[in-house]
Amino acid sequence: MTVTTPFAQYIEDNQQSLIDRLAEAVAIASVSGDVSYRPEVHRMGAWLAEELKKLNVSVRVVPLGKQDMDGTEVDLPPVVFGEYGTDPKKKTILVYGHYDVQPALKSDGWNTEPFSLTEDKENGRFFGRGSSDDKGPVLGWLNVIEAHQKTNTELPVNLKMCFEGMEESGSNGLEELIVKESKTFLSNVDAVCISDNYWLGTTSPCLTYGLRGLAYFKVSVSGPGVDLHSGVFGGTVHEPMTDLFAVFSKLVTPQGKILVPGIADKVAPLTAEEKARYDVIDVTVADFESAIGAKVTLSEDKSEVLMGRMRYPSLSIHGIEGAFSGGGAKTVIPAAVHGKFSIRLVPDLTPDDVNALVQTYLAEEFAKLGSKNTFKVEMLSGGMPWVASIDHWNFRAATKATEAVYNKTPDFTREGGSIPITLTFADSLGVNVLLLPMGRGDDGAHSINEKLDRQNYIEGCKLLGTYLHEVAKAN
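The following refers to the structure shown. Values in this document were obtained by computation on a predicted structure and should not be read as measured data.

## Concerning the sheet that holds strand β15 (residues 336–345)
Stage number 1. The strand order across the open sheet formed by four strands is β13-β15-β11-β16, and the pairing between neighbours is antiparallel. The sheet terminates laterally at β13 (314–321) and β16 (374–383), the two strands that pair on one side only. Within the sheet, the average angular offset between the axes of one strand and its neighbour, ignoring direction, is 20°.
Stage number 2. Here strand β11 (residues 213–222) runs beside β15; their pairing, made up of ten bridges, is antiparallel. Its bridge partner being in β15, alanine 215 is matched across the sheet by isoleucine 343.
Stage number 3. Here helix α7 (residues 240–248) sits on the sheet and contacts β11, β13, β15 and β16; the angle it forms with β15, its principal contact strand, is near 15°.
Stage number 4. Its contacts with the sheet put helix α11 (residues 351–367) on β11, β15 and β16, and the angle it makes with β16 is roughly 165°.

Following this line, the structure appears as structure tokens:
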């Protein structure tokens, strides 16, 4: 590390207190998707608000109303807004994160208690649910404020914070709130920084300028009034499962080519400048194979693998409801089955365009079967893709900060997944949005044994602070 500023030195010298703060946060099991944990999500929001207040951050906790979960009406976790500094001569940066987490049980296969931050001192890793996604990055901003205060260093920008408690479960109510606040609290924001993603691999930091969108579909086929015995009715009826398999076989090839006509035509063409970005990204096919756990990539070419993940659409089949899936041998003909698949979207695809293409194509393919069964296609959810310009002072500042902290120019990446609120910030605020990750690609954010490396937590805090200093100087 080449950063020797007083605030960075404070972070270096006070690692244990910052780790203790993370341990407190991880100990709160703020699982937003399980009704039994909802009180813990509210406790986490309250804890975060109090931690901000201790740092003299002006805090506003915004309730989002009620939610029905499994037949039980519960309060949605609030959004915690924070404001630190109101100097009109300074830039104003909005930072976003979330304080809710994915479910985790020791019995799922964790090596440690998931809600007890546990250090592997030999490898310098901290294991615990939410350590990387997203409590570590959220607390990084608090650590930066504390480090400036303790070293009597003026924060060079005004900081606004938006921390939600439903990111892992749909971000209910957040989009509407951001649109509303864009006319008031967020009206003077100059740029947005989100730290809710990860390095592509384990050795090279990155800046993320794009996310794929999503169109999620449910295909239903029904026929018999009840489940049937295959020994009695096999060979005498149109079977819903057979129809569904026939239709699904027309969606995508084993090589990943999407068969729905018109989708490929709407993908923005690849430019030579963009292609060059993938060529220089510091990652290998072997890195992907290590993360996957097998040598099953669609290509042996690094750039093709990267573009398959980042800048081209993909279609994945996820599962089937209504089918027999237990142990043993049950000779049932399901009366109705529901297949789920999704398409990851890139510019210039939109959910509405893709929905129209899918509806038309699958209706035609089902008609070719000559089946008497009933067929229905629904798009359950849709989100737009997002791509930002890296030729902006926000990205230039983050690049310089990364070079200062890690002595390395960051890779410029697009994520294969979706963070829908990113597009909301970009559209409603009309400003540049940057994704500045703290954790590594092997952190296992939604998996068992989620971890955050000590180096990434400590250096990541320095990175967030250095980014704010570079933003102040950027133009």
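## Observations regarding the nonpolar core
Stage number 1. By size, the foremost hydrophobic cluster in this structure holds 100 residues, and its most contacted members are Ile93, Phe163, Phe425, Tyr457 and Tyr467.
Stage number 2. At eight residues, the largest contribution of residues to this core is made by helix α14 (residues 454–473).
Stage number 3. Those residues in contact with tyrosine 457 that sit more than four places away from it in its chain are Leu18, Ile19, Leu22, Gly136, Leu139, Asn143, Met438 and Leu452.
Stage number 4. Ranked by size, the runner-up nonpolar core spans 28 residues in total, among them Val219, Leu244, Val260 and Leu349.

## Concerning the state of the cysteines
Stage number 1. A complete count under the given rule lists zero disulfides for this structure.
Stage number 2. With no disulfide of its own, cysteine 162 lies 13 Å from the sulfur of cysteine 193, the closest cysteine sulfur.
Stage number 3. Residue class for cysteine 162 comes out buried when judged on its relative accessible area of 0%.
Stage number 4. We note that cysteine 193 lacks a disulfide partner, and the nearest cysteine sulfur, in cysteine 206, lies 12 Å from it.
Stage number 5. Given a relative accessible area of 0%, cysteine 193 falls into the buried group.

## Side note on the packing of helix α2 (residues 15–26) against helix α3 (residues 38–54)
Stage number 1. The geometry of α2 relative to α3 is characterised by a closest axis approach of 10 Å and an angle of 155° between their N-to-C directions. As the angle between them shows, α2 and α3 are arranged roughly antiparallel. Across the interface between the two elements, Arg21, Glu24 and Ala25 of α2 pack against Met44, Trp47 and Glu51 of α3.
Stage number 2. Across the contact of α2 with α3, the residue classes tally to three nonpolar, no polar and three charged.

## Looking at the packing of aromatic side chains
Stage number 1. Across all of its chains, the model carries six aromatic pairs by this definition.
Stage number 2. On the numbers, 5.8 Å between centres and 65° between planes, the contact of tyrosine 96 with phenylalanine 425 is edge-to-face. With tyrosine 96 in strand β5 (residues 92–98) and phenylalanine 425 in helix α13 (residues 421–429), the pair connects residues that are 329 residues apart, well separated along the chain.
Stage number 3. Overall, phenylalanine 425 belongs to the buried group, its relative accessible area being 0%.
Stage number 4. With a centroid separation of 5.4 Å and 80° between ring planes, the pair formed by tryptophan 199 and tyrosine 406 is classed as edge-to-face. Here tryptophan 199 is found in the loop between β9 (191–194) and β10 (206–211), whereas its partner tyrosine 406 is found in helix α12 (residues 393–406), with 207 residues between them in sequence.
Stage number 5. Judged by relative accessible area, which is 4%, tryptophan 199 ranks as buried.
Stage number 6. Judged by its relative accessible area of 16%, tyrosine 406 falls in the buried class.
Stage number 7. One aromatic cluster is present, built from ring pairs that chain together Phe217, Phe248 and Phe341.

How each quantity is defined
- Residues numbered from 1 in each chain as written.
- Predicted model: local features only at pLDDT ≥ 70, side-chain atom pairs only at ≥ 80, totals over all residues.
- Heavy atoms only, no water.
- Pairing = 2+ DSSP bridges.
- Helix = DSSP H or I, 4+ residues; strand = E, 2+ residues; numbered from the N terminus.
- Axes fitted to C-alpha atoms, helices over the stretch in contact; angles between N-to-C directions.
- Contact = heavy atoms within 4.5 Å.
- Core = buried A, V, L, I, M, F, W, Y, C linked by side-chain atoms within 4.5 Å.
- Buried < 20%, exposed > 50% of the residue type's maximum accessible area, 1.4 Å probe, protein only.
- Disulfide = S-S within 2.5 Å.
- Parallel < 35°, antiparallel > 145°, perpendicular 65-115°, else oblique.
- Nonpolar A, V, L, I, M, F, W, Y, C, P; charged D, E, K, R; others polar.
- Phe/Tyr/Trp six-rings, centres within 6.5 Å; stacked < 30°, edge-to-face > 60°.

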